[in-house]
Amino acid sequence: VRRIGILTSGGDSPGMNAAIRAVTRVGLNSGLEVFGIYNGYKGMVEGYIEPLTRETVGEIVNRGGTVLGSARLPEFKDIEVRKKAIHQLKKRGIEAVVVIGGDGSYRGALSLTEMGINCIGLPGTIDNDITCTDYTIGFQTALETVVEAIDKLRDTSNSHHRCSIVEVMGNRCGDLALWSGIACGAEIIVTSETGFDEEDVLDRLRDLDLIRKKKHAIVVISEKITDVDQFAKKVSLNTGFSGRATVLGHIQRGGSPCPFDRLLASQMGEKAVDLLMQGIGGQCICIRNNEIVAIPIEKALSMPQESRKPLMNLFERLV
Ligand code: ATP
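The following paragraphs examine the structure supplied in this document. Just so we're clear, the structure is a prediction, and the values are computed from it rather than from any experiment. Note on numbering: residues in each chain are counted from 1, in written sequence order. In keeping with the predicted nature of the model, local features appear solely for residues at pLDDT of at least 70, side-chain atom pairs appear and are counted solely at 80 or more, and the whole-chain, interface and lining totals rest on all residues. To get the side-chain values, all heavy atoms of the structure are used, and hydrogens and water are removed first.

Before going further, it helps to spend a moment on the nonpolar core. We call a set of buried Ala, Val, Leu, Ile, Met, Phe, Trp, Tyr and Cys residues a nonpolar core when their side-chain atoms join them within 4.5 Å. Relative accessibility thresholds used throughout: buried, under 20% of the residue-type maximum; exposed, over 50%; partly exposed, between the two (1.4 Å probe, protein chains only). If you look at the biggest cluster of nonpolar residues, it comprises 31 residues, and the most contacted ones within it are Ile4, Ile6, Val98, Ile100, Leu122, Met268 and Ile285. In this text, helices come from DSSP runs of H or I with a minimum length of four residues, and strands from runs of E with a minimum of two, each type numbered from the N-terminal end. Secondary structure elements with two or more residues in this core: strand 1 (3-8), helix 1 (16-29), strand 4 (96-101), strand 5 (118-123), helix 9 (259-277) and strand 10 (283-288). For this core, the element with the most residues is helix 9, which contributes seven residues. Contact between two residues is taken to exist if any of their heavy atoms lie within 4.5 Å; hydrogens are not considered. With sequence-adjacent residues up to four places away left out, isoleucine 285 is seen in contact with Tyr106, Ile120, Gly121, Leu122, Pro123, Met268, Lys271, Ala272, Leu275, Ile292, Val293 and Ala294. In terms of nonpolar packing, the next biggest core, distinct from the first, is built from 28 residues, Leu7, Ile49, Cys286 and Ala300 among them.

We now examine the pattern of salt bridges. Salt bridge, as used here: a side-chain nitrogen of Lys or Arg that lies within 4 Å of a carboxyl oxygen of Asp or Glu. Per the counting criterion, the structure on display carries twelve salt bridges. Taking the shortest distance from any N to any O, the salt bridge between arginine 2 and glutamate 33 comes out at 2.8 Å. With a gap of 31 residues between them, arginine 2 in the segment before strand 1 and glutamate 33 in strand 2 (residues 33-37) connect regions that are remote in the sequence. Judged by relative accessible area, which is 53%, arginine 2 ranks as exposed. Where aspartate 200 meets arginine 204, a salt bridge forms, and the shortest distance between an N and an O atom there is 3.3 Å. With aspartate 200 and arginine 204 both in helix 7 (residues 198-210), this residue pair falls four residues apart, about one helical turn. Taken together, the shared-partner salt bridges connect Arg2, Arg3 and Glu33 into one network.

On to the packing of helix 6 (residues 175-184) against helix 11 (residues 309-318), then. At a closest axis distance of 10 Å, the pairing of helix 6 and helix 11 adopts a crossing angle of 30°. Regarding the angle of helix 6 to helix 11, the classification is roughly parallel. Judged by the sense of rotation from one axis to the other, the crossing of helix 6 with helix 11 is left-handed. Between helix 6, through Leu178, Trp179, Gly181 and Ile182, and helix 11, the contact on the second element is made entirely by Leu311, Met312, Leu314, Phe315 and Leu318. Think of it as three bins: nonpolar holds Ala, Val, Leu, Ile, Met, Phe, Trp, Tyr, Cys and Pro, charged holds Asp, Glu, Lys and Arg, and polar takes everything else, Gly as well. When grouped by side-chain class, the residues that make up the contact of helix 6 with helix 11 number eight nonpolar, one polar and no charged. Here, axes are lines fitted to C-alpha atoms. For helices the fit covers the stretch in contact, and angles between N-to-C directions go from 0 to 180 degrees. Roughly parallel covers angles under 35 degrees, roughly antiparallel covers those over 145, roughly perpendicular covers 65 to 115, and oblique covers all other angles. Crossing handedness is read from the near helix: turned anticlockwise from the far helix by less than a right angle, it gives a left-handed crossing, and turned clockwise, a right-handed one.

Moving on: the side chain of threonine 239. With respect to the helices, strands and loops of the structure, threonine 239 is situated in the loop between helix 8 (228-238) and strand 9 (242-247). Residues adjacent in sequence count toward polar contacts only when both atoms are side-chain atoms; beyond that, a polar contact is any pair of N or O atoms within 3.5 Å, and within protein one must be able to donate a hydrogen and the other to accept it. Of note is the side chain of threonine 239, whose polar atom sits 2.8 Å from the backbone oxygen of valine 235. A distance of 3.1 Å separates a polar atom in the side chain of threonine 239 from the backbone nitrogen of phenylalanine 241. Among all residues touching threonine 239, those that are not within four sequence positions of it are Leu202, Leu205 and Arg206.

Okay, the environment of asparagine 290 next. Positionally, asparagine 290 belongs in the loop between strand 10 and strand 11 (291-296). The class for asparagine 290 is exposed, based on a relative accessible area of 73%. Taking the C-alpha atoms as reference points, asparagine 290 and arginine 107, separated by 183 residues in sequence, lie 25 Å from one another.

Let us now look at the pairing of strand 10. Within strand 10, five of the six residues are buried, which leaves the element mostly enclosed by the surrounding structure. As defined by bridge partners, strand 5 adjoins strand 10 across two bridges and the pair is classed as parallel. Each bridged residue has a counterpart across the sheet, and for glycine 121 the counterpart in strand 10 is cysteine 284. Note: two strands are recorded as paired if DSSP finds a minimum of 2 bridges between them. Counting the residues that bridge the hairpin from strand 10 to strand 11 gives two residues, and of these asparagine 289 lies at a positive phi of roughly 50°.

These values are about where atoms sit, not about what they do.
Structure representation (structure tokens):
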């Protein structure tokens with residue numbers, strides 16, 4: 001392998017730039033030529049591809065977002081569209097690609113590998129919803145952002161006898177909600193794993209108000225579970241708290257990556273380049289029990305989401 005490409009795809013996450021830098025620098029220092037493919041698979045199809053140098057990836061290790069841009073291209077599922085993309089790569093002599101993104105992006109990477117372009121996936125998403133890896137690149141930074149926001153909400157909820165209902169991202173994975181809820185001392189956490197029993201949550205809030213005499217309550221809830229504005233109204237109507245919903249939204253995707261994410265991205269980028277140099281593709285990089293390892297994408301995509309029961313139990317014992 002002499003020439004490799006790199007792209008970022010799907011939702012962006014803090015640390016993607018550190019991964020781009022690592023793949024580029026490790027690649028160049030190993031004698032490869034490295035090409036940036038802009039705007040994910042869209043740029044691959046359109047031929048928006050440019051060489052990367054040590055300098056072009058300078059000053060980005062600490063920056064959020066992705067300097068390569070990201071995009072969604074649903075048509076990439078179509079083999080004819082992928083053939084166009086492969087044509088663009090072959091024209092430039094690019095034989096292998098590192099794909100940074102979520103599981104949708106991994107599917108694209110697997111399809112390309114099956115068509116002769118070795119691809120390695122790196123888990124770039126704040127959602128931590130890629131089961132095979134303990135942590136995805138961006139999760140820890142997003143967690144810090146969420147914790148900072150909830151700490152601030154707590155101050156003001158306390159002054160006004162409010163119940164803050166905070167909706168956090170996670171794309172059906174409850175990790176951001178669970179981790180932040182524990183770290184912030186939330187009263188109630190709702191994720192797809194806990195399920196949402198509205199009456200039960202209202203009961204618990206009434207207890208917190210009447211029996212525990214709490215001045216405020218924080219409910220952390222994963223996105224895509226319920227309409228939090230509607231639920232806040234029900235809290236105001238049915239409990240002694242005044243309910244206020246806050247949807248943290250895209251603020252969770254931004255910001256300078258924390259050191260953990262920068263380190264993780266660098267280690268994973270290094271591993272990806274090493275595999276491509278050995279002629280290996282169709283794998284994705286994970287951190288498992290503190291070790292950077294690779295597993296087949298096919299296997300990664302079929303792994304069921306791990307239960308977070310132990311952390312949930314811990315949370316219940318802290319309330
Ligand atoms: P996130 O969930 O963090 O946003 P993601 O990678 O899962 O990231 P998707 O929008 O699902 O985001 O996928 C990104 C891109 O990957 C799609 O826009 C599409 O170009 C490509 N892709 C997704 N699924 C497939 C598939 N089955 N085959 C080929 N390409 C795919």
